[in-house]
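Analysis of the macromolecular model
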Amino acid sequence: MTELARPLETGWLPDTPIGDSLLRRFVANQADLQDHLASAVGGRSDRTPGVALSDSGVPAAYLNQAVLLRPISDADDAVLDHVASFYAGSAGLLLSPWPTPDLTGRGWQLVGHPMFVVRGPVGAPADARPGDVNVRRAESADDLALVERIVIDGYPAPELDGLPANRALGPALLGSAVRHWIGYLDGTPTATAASHAAHGVVNLCLAATLPAARRRGVWRTLVAARCADAPDLPAVAFTSDYSRPGFLRMGFLPITRFTLWAVVA
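My aim in this report is to walk through the structure given alongside it, one point at a time.

Cut-offs and rules
Residues numbered from 1 in each chain as written. Predicted model: local features only at pLDDT ≥ 70, side-chain atom pairs only at ≥ 80, totals over all residues. Heavy atoms only, no water. Helix = DSSP H or I, 4+ residues; strand = E, 2+ residues; numbered from the N terminus. Expected span 1.5 Å × (residues − 1). Buried < 20%, exposed > 50% of the residue type's maximum accessible area, 1.4 Å probe, protein only. Contact = heavy atoms within 4.5 Å. Pairing = 2+ DSSP bridges. Phe/Tyr/Trp six-rings, centres within 6.5 Å; stacked < 30°, edge-to-face > 60°.

**Some remarks on helix α4 (residues 218–229)**
Over its 12 residues, α4 runs 17 Å from end to end, which matches the ideal 16 Å to within 8%, given 1.5 Å per residue. Among all positions of α4, only Val218, Thr221, Leu222, Val223, Ala224, Ala225, Arg226 and Cys227 are buried. Looking at the buried positions of α4, the neighbouring elements they touch are β7 (133–137), β8 (178–185), β9 (188–198), β10 (201–209), β11 (235–239) and α5 (244–249).

Okay, here's the thing in structure tokens:
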């Protein structure tokens, strides 16, 4: 019997090397990032060839994410059944790097189409930090509690308000590949952002800025600091249209739009 030939490479076969494309590197990075966030607070994770799932156990959908590991073309794809089962009784987001079928028939809600942006490994962006702006890495549980507070007020994420400190961002993150940063304007903490360097890219993620500090250079300085922390790696992010112009001014290129669905149990 002749052994079946391997299918033509699509970039998303189960055994495709992670380094096959920058997008595949990001997908693997994002999946691991979500696992770190969930694990640090005793949450749940699961992974199949089609999807990576995480649930931090807090009512913030952006901390409970299903990352598709391959494209889907059918609203009845079994991978979506697995997502629905995993988030039964809780809330989550489905992140697809590709367009998806209409999933409203499952009761899910379309959140939007954030832009995936990339900046090559050409060193840190030029330091254009205003004199009244400083940033530093979070290095303690108290720092992470401060990050939580900024996220609650700046993202905003009112669903996290009232939870115990470090319930969303556990101290175990301090020893992981996920790094959180705090931005200060005139000595006052006003912004935060995170980075995750893995699989050959640094993923710029989980950013929030208090309203009074927006357009003051804090966000830009946080981008520069995270790029400088991994200057030999391409920097990647998925971003709203509100933040997209800032990324483009810093040398990032718009590559493709993702698809975000709120998984409604």
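Still to come is the rest of the account.
**Brief notes about the pairing of β9**
Counted residue by residue, β9 has eight buried out of 11 residues, so it is predominantly covered. Two elements, β8 and β9, share eight bridges in a ladder whose sense is antiparallel. Residue pairing in the sheet places Tyr184 in a bridge with Pro189 of β9. As paired strands, β9 and β10 are joined by seven bridges and run antiparallel to one another. Residue pairing in the sheet places Ala198 in a bridge with Val201 of β10. Counting the residues in the hairpin turn of β9 and β10 gives two residues, including His199, whose phi is positive at 60°.

**With respect to the packing of aromatic side chains**
Applying the stated criterion to the full structure yields 10 aromatic pairs. On the basis of an interplanar angle of 85° and a centroid distance of 4.8 Å, the ring pair of Trp12 and Trp98 is categorised as edge-to-face. In this pair, Trp12 sits in the segment before α1 (22–39) while Trp98 sits in the loop between β4 (92–96) and β5 (109–112), placing the two residues 86 residues apart along the sequence. This pair shows no difference in class: Trp12 is buried, exactly as Trp98 is. Taking the centre distance of 5.1 Å and the plane angle of 50° together, the rings of Phe26 and Phe116 count as tilted. Placement of Phe26 in helix α1 and of Phe116 in strand β6 (residues 115–119) is noted, with a sequence separation of 90 residues between them. Comparing Phe26 with Phe116, the two get one shared label, buried. An aromatic cluster of at least three residues, connected via ring pairs, comprises Phe26, Phe116, Phe238 and Phe258.

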